[in-house]
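Notes for the structure review
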Amino acid sequence: MITSLLGTTVSLGFKRASSKMPRGRALQNVVLELEKFAPLKFAETWDNVGLLIEPHKIRPIRNILLTNDLTERVMQEAVDESVDLIISYHPPIFAPLKRITQQNWKERIVSICLGEGIALYSPHTAWDVVPGGVNDWLASALPCVDMQPIQPSVLGGDFGGAGRTFTTSLTLSEAIARVQRHIGHDVHLAIGVNHSLDTPITVVAVCAGSGASVLKGCEADLFITGEMSHHDVLDANHQNTSVILCNHSNSERGFLRKFQNKLYDSLKGDCEIIISEKDKDPLKTQVKD
Ligand SMILES: [Zn+2]
């Protein structure tokens, strides 16, 4: 009886302790898992991906923060949450920095990471191209048949590519409702020249972020992307393609929820992984009553 009570007490105490303080992993080990999912060779050559900040003092990675964009608000959240590693989908360092001062928000972010010993990793286009990545997540807003990359790439036996195209069977208004449910935000819509909300949608092409260059020339009833220029929307309209725009980062951010579970499993629960609550698209649609 006493043994059993003691056993129970010890067991509960251990569980509480382990949920408060994850075991942690070495930074290089976490990076290895990240690159197993999305090898950096998949990233576009113009991109700036991988480990962007490696702290001088080594400490175990116990708390990881996922964000689409590393703004100053998100940076403060990372400090408040005692994060050891930030995974920012968009690279916070892109154009080369010539100094690290307090005059510019990007330099201030780098300065805080260095000062607080927080590592920074950015996967960007490696996540776009990889199977099971950002574009597959965006495409899964609709029922998909025969999904293919728009620009296939085969790298060392791995198969991926930019954008996704597939067939479906919906009306345009059903497609809009599904995209809205999937991304959880207001959707901007341009209807193709000969389209109405009842128009059947069969061929769809999607590209997360700014999709115009990947979607250009695709023969589809519907494009889904984050943002396109006025002239690219006009071109789409004139080829009888409808366009759903949901603002750049809204077409990407939802993937973080899927990735959170994936990373937790691949790290076997050794790290706590949280999604930023401060990370938001900088544009908000004002809906009139
Ligand atoms: Zn983007």
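Residues numbered from 1 in each chain as written. Predicted model: local features only at pLDDT ≥ 70, side-chain atom pairs only at ≥ 80, totals over all residues.

Focus: the overall build of the protein
- Of the regular secondary structure elements, the protein holds 10 helices and 11 strands.
- Projected onto its principal axes, the C-alpha coordinates of the protein cover approximately 75 × 60 × 50 Å.
- Relative to its full complement of 289 residues, the protein shows a buried share of 38%.
- At a minimum sequence separation of 6, the contacts of the protein that also span at least 24 residues come to 66%. (Helix = DSSP H or I, 4+ residues; strand = E, 2+ residues; numbered from the N terminus. Buried ≥ 20, exposed ≤ 12 C-beta atoms within 10 Å, placed from the backbone. Contact = placed C-beta atoms within 7 Å.)

Observations concerning unusual backbone geometry
- The backbone of H124 shows a phi angle near 30°, a positive value even though the residue is not glycine.
- Tracing the backbone shows H124 in the loop between β4 (119-122) and α5 (125-129).
- Within the chain, N240 stands out as a residue other than glycine whose phi angle is a positive 70°.
- Along the chain, N240 falls in the loop between α9 (230-238) and β10 (242-245).
- When the 14 C-beta atoms within 10 Å are taken as the criterion, N240 is described as partly exposed.

Focus on the pairing of strand β8 (residues 200-210)
- Sheet analysis places strand β6 (residues 158-171) next to β8, joined by six bridges and oriented antiparallel. Within the sheet, the bridge partner assigned to T165 lies in β8 and is A205.
- Of the pairings in the sheet, the one linking β8 to strand β9 (residues 222-227) comprises five bridges and is parallel in character. Its bridge partner being in β9, A205 is matched across the sheet by F223. (Pairing = 2+ DSSP bridges.)

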